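Spelled out from the first residue to the last, the chains are:
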Amino acid sequence: MPAEPAAGNGLARWASDPARTRGRRHSEASAAPRSEHQRDRDRIVHSQAFRRLVYKTQVFVNHEGDLFRTRLTHSLEVSQLGRSMARALALCEDLVEAIALAHDLGHTPFGHAGQDALAECMREHGGFEHNLQSLRVVDSLEQRYPAFDGLNLTFEAREGILKHCSRTNAQAIERREPGGVARRFITGGQPSLEAQLVNLADEIAYSAHDVDDGVRAGLLTLEQLHEVPLVRGFLEATLADHPDLAQRPGRRLLAEAMRRLLAAQVNDVTARSAALLAQASPADADAVRAAPPLVSLSASMGQQAGALRQFLFRALYRHPQVMHTTGRACEVVRELFALYLSRPQEMAPGFAEAGAHIGQRPRAVADYVAGMTDRFALREHRRLTGRDLLAAGV
Ligand code: MG
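This structure is a prediction, so every number in the text was calculated from the model and none was measured. (Residues numbered from 1 in each chain as written. Predicted model: local features only at pLDDT ≥ 70, side-chain atom pairs only at ≥ 80, totals over all residues. Heavy atoms only, no water.)

Q: It is not clear to me how the overall build of the chain should be interpreted in this structure. Could you clarify?
A: Counting its regular elements, the chain contains 19 helices and zero strands. A globule of 394 residues ought to have a C-alpha radius of gyration of about 21 Å, and the chain, at 22 Å, matches this closely. On the principal axes, the C-alpha backbone points of the chain span a range of 60 × 55 × 35 Å. The burial tally for the chain puts 54% of its 394 residues in the buried class. (Helix = DSSP H or I, 4+ residues; strand = E, 2+ residues; numbered from the N terminus. Rg over C-alpha atoms; globule rule 2.2 N^0.38 Å. Buried < 20%, exposed > 50% of the residue type's maximum accessible area, 1.4 Å probe, protein only.)

Next up, the structure:
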């Protein structure tokens, strides 16, 4: 139901048309018939950082169970939701997929706990932000091409990956790349519709799958979920349609309620955004950047989704069991950082080399630690300290 009749390429006129990309930092010959954004997506899938996502924590540390989401399955779910909405809105699915698959590449091991610990370690050394680190991964840390560092993605993919950025960091990027991906954090503009869509798909995905994982882990109960109006509504509607589920043990009730929750949010975003786009009627993808946000949940769904996130924060992310694990994880990150800072030769060769220069050492250590999977970080920690803070069985 695109609000705007699609052009010959199937895209609305305000979509990011790969044929009109602002291009790559290093110019390259076209890879036709692949579009520029298909090529972005392909480069991300083949990157080393992408493969590492499989062993990085979303909420539960990787070894806690095989069925919990990892950064990889989270990224795939974001991509699936994003592409569904992009197709309905005649936006560029390939760009949405590229941004979704890359959006968490800069995440440290051990989820937000690891990110907070590393940010603290880097406070006096230029800081650490995971969105900025994702950009750093695709711009320079991946080393796969003879002619340049990084993956040399298009402007539009990089713009979407840099979801947040502090003003100080934005100014630093702007000095290196005038009018580039950080400009909007200084002038207050928006990114492409595809980037806006991935941001929403990310929130929709993690809210739903964290409920599912929380119940699986035994940290959330169905009774507790009844406190959240949005979830209660779908649990009750499911039971009204399938009364037998009340008596049947198992996960079908929750799975069906969460499926309905996802579908309702996807449909809500699609309908609301189609209306916003029809009203604003931006002339092209660039006009979107100067307009207010045009991809959005409706006010009432936005409010209910916010209440669900607050519930998760309170009941799951601050659950004593999660806090215990994340506290240990922070210790692992802090100790690894301190150890490599004093013994840079313990890092892998490329990082050890960069860390040999005292001025570059903290950043080299942060890059090395941020790139680690949960299990590699634990293994390194055990090798260097002889202690086992989070028994992983690997
Ligand atoms: Mg995410």
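More follows now that the structure is in view.
Q: It is not clear to me how the pattern of salt bridges should be interpreted in this structure. Could you clarify?
A: Side chains that carry opposite charge are capable of pairing whenever their charged atoms lie near each other. Taken as a whole and assessed by the stated rule, the structure comprises 38 salt bridges. Among the salt bridges present, the one from Arg183 reaches Glu174, with a minimum N-O distance of 2.7 Å. Residue Arg183 is classed as partly exposed on the basis of its relative accessible area of 36%. Of the charged contacts, one joins Glu346 and Arg383 as a salt bridge, the two residues approaching to 3.0 Å between their closest N and O atoms. One end of the pair, Glu346, is in the loop between α16 (320-342) and α17 (349-355); the other, Arg383, is in helix α19 (residues 374-385), with 37 residues separating them in the sequence. Glu346 sits in the partly exposed class, given a relative accessible area of 22%. Relative accessible area serves as the criterion here: at 46%, Arg383 is assigned to the partly exposed category. (Salt bridge = Lys/Arg side-chain N within 4 Å of Asp/Glu carboxyl O.)

Q: Just to check I follow, could you spell out the packing of helix α5 (residues 111-121) against α16 for this structure?
A: How two helices pack is summed up by the angle between their axes together with the distance between the axes. Two elements in contact, α5 and α16, have axes whose closest approach is 8 Å; the angle formed by their N-to-C orientations is 35°. Classified by chirality, the crossing of α16 by α5 is right-handed. Seen from α5, the contacting residues are Ala113, Gly114, Ala117, Leu118 and Cys121; seen from α16, they are Thr326, Cys330, Val333, Arg334 and Phe337. In the contact of α5 with α16, the residues fall into seven nonpolar, two polar and one charged. (Axes fitted to C-alpha atoms, helices over the stretch in contact; angles between N-to-C directions. Left-handed = near helix turned anticlockwise from the far one by under 90°. Contact = heavy atoms within 4.5 Å. Nonpolar A, V, L, I, M, F, W, Y, C, P; charged D, E, K, R; others polar.)

Q: Help me out: how do you make sense of the environment of Val211 in this one?
A: With respect to the helices and strands, Val211 occurs in helix α10 (residues 193-216). The class of Val211 is buried, set by a relative accessible area of 0%. Distance from Val211 to Leu222, taken between C-alpha atoms, is 9.8 Å for residues 11 residues apart in sequence.

Q: Got a minute to help me understand the packing of helix α3 (residues 71-88) against helix α13 (residues 252-280) in this structure?
A: Packing of α3 against α13 brings their axes to within 10 Å, and their N-to-C directions diverge by 35°. In this structure, α3 meets α13 at a crossing whose hand is right-handed. Of α13, the residues touching α3 (which contributes Leu81, Met85 and Ala88) are Leu262, Val266, Val269 and Thr270. The class makeup of the residues in the contact of α3 with α13 is six nonpolar, one polar and no charged.

Q: Whenever I open this one, the environment of Leu222 confuses me. Can you help?
A: If you trace the backbone, Leu222 turns up in helix α11 (residues 222-225). Accessibility expressed as a relative area gives 29% for Leu222, which makes it partly exposed. In this structure the C-alpha to C-alpha distance between Leu222 and Leu235, which are 13 residues apart in sequence, comes to 8.9 Å. Setting aside its immediate chain neighbours within four residues, Leu222 contacts Leu235, Leu253 and Leu254.

Q: What's the story with α3 in this structure? I'm lost.
A: The α-helix winds at 3.6 residues per turn, so residues separated by three or four positions along the chain end up facing the same way. Compared with an ideal rise of 1.5 Å per residue, which puts 18 residues at 26 Å, α3 spans 26 Å between its outermost C-alpha atoms and is within 8% of the ideal. For α3, the set of buried residues is Arg71, Leu72, His74, Ser75, Val78, Ser79, Leu81, Gly82, Met85, Ala86 and Ala88. For α3, the elements touching its buried residues are α2 (48-52), α4 (93-102), α5, α10 and α13. (Expected span 1.5 Å × (residues − 1).)

Q: How should the side chain of Glu256 be read in this particular structure?
A: Mapped onto the fold, Glu256 is located in helix α13. Overall, Glu256 belongs to the buried group, its relative accessible area being 17%. Looking at Glu256, its side chain comes within polar contact range of the side chain of Arg260, at 2.7 Å. (Polar contact = N/O pair within 3.5 Å; in protein donor to acceptor, adjacent residues only side chain to side chain.)

Q: Before we go on, may I ask you to explain the side chain of Glu380 in this structure?
A: If you trace the backbone, Glu380 turns up in helix α19. Engagement of the side chain of Glu380 in a polar contact is seen with the side chain of Arg383, the distance being 2.9 Å. Those residues within four positions of Glu380 in sequence are excluded, and the remaining contacts are Leu336, Tyr340, Glu346, Tyr368 and Met372.

Q: Sorry if this is basic, but what is going on with the packing of aromatic side chains here?
A: Aromatic ring pairs are reported here in terms of the distance separating the ring centres and the angle at which the planes meet. The final tally for this structure, using the stated rule, is five aromatic pairs. Geometrically, the ring pair formed by Phe351 and Tyr368 is tilted, given 4.9 Å between the ring centres and 45° between the ring planes. Within this pair, whereas Phe351 is found in helix α17, its partner Tyr368 is found in helix α18 (residues 361-371), the two being separated by 17 residues in sequence. Overall, Tyr368 belongs to the buried group, its relative accessible area being 10%. Considering the side-chain rings of Tyr368 and Phe376, the 6.4 Å spacing of their centres and the 85° angle between planes classify their relative orientation as edge-to-face. Cluster of aromatic residues (ring-pair linked, three or more members): Tyr340, Phe351, Tyr368 and Phe376. Its guanidinium or amino end placed over the ring of Tyr55, Arg375 lies 3.7 Å from that ring's centre, counting from NZ or CZ. (Phe/Tyr/Trp six-rings, centres within 6.5 Å; stacked < 30°, edge-to-face > 60°. Lys NZ or Arg CZ within 6 Å of the ring centre and 35° of its normal.)

Q: Explain the nonpolar core to me, please; I cannot follow it from the model alone.
A: Inside soluble globular proteins, nonpolar side chains tend to come together where they are buried. One finds Ile44, Leu105, Leu162, Leu197 and Leu308 to be the most contacted residues of the largest nonpolar core, which totals 88 residues. By residue number, the principal contributor to this core is α10, which donates 11 residues. Aside from chain neighbours lying at most four places away, what touches Leu105 is Ile44, Ala49, Phe50, Leu53, Lys56, Ser134, Val137 and Val138. Formed by 30 residues, the second largest nonpolar core is a distinct cluster that contains Ala117, Phe337, Val365 and Val369. (Core = buried A, V, L, I, M, F, W, Y, C linked by side-chain atoms within 4.5 Å.)

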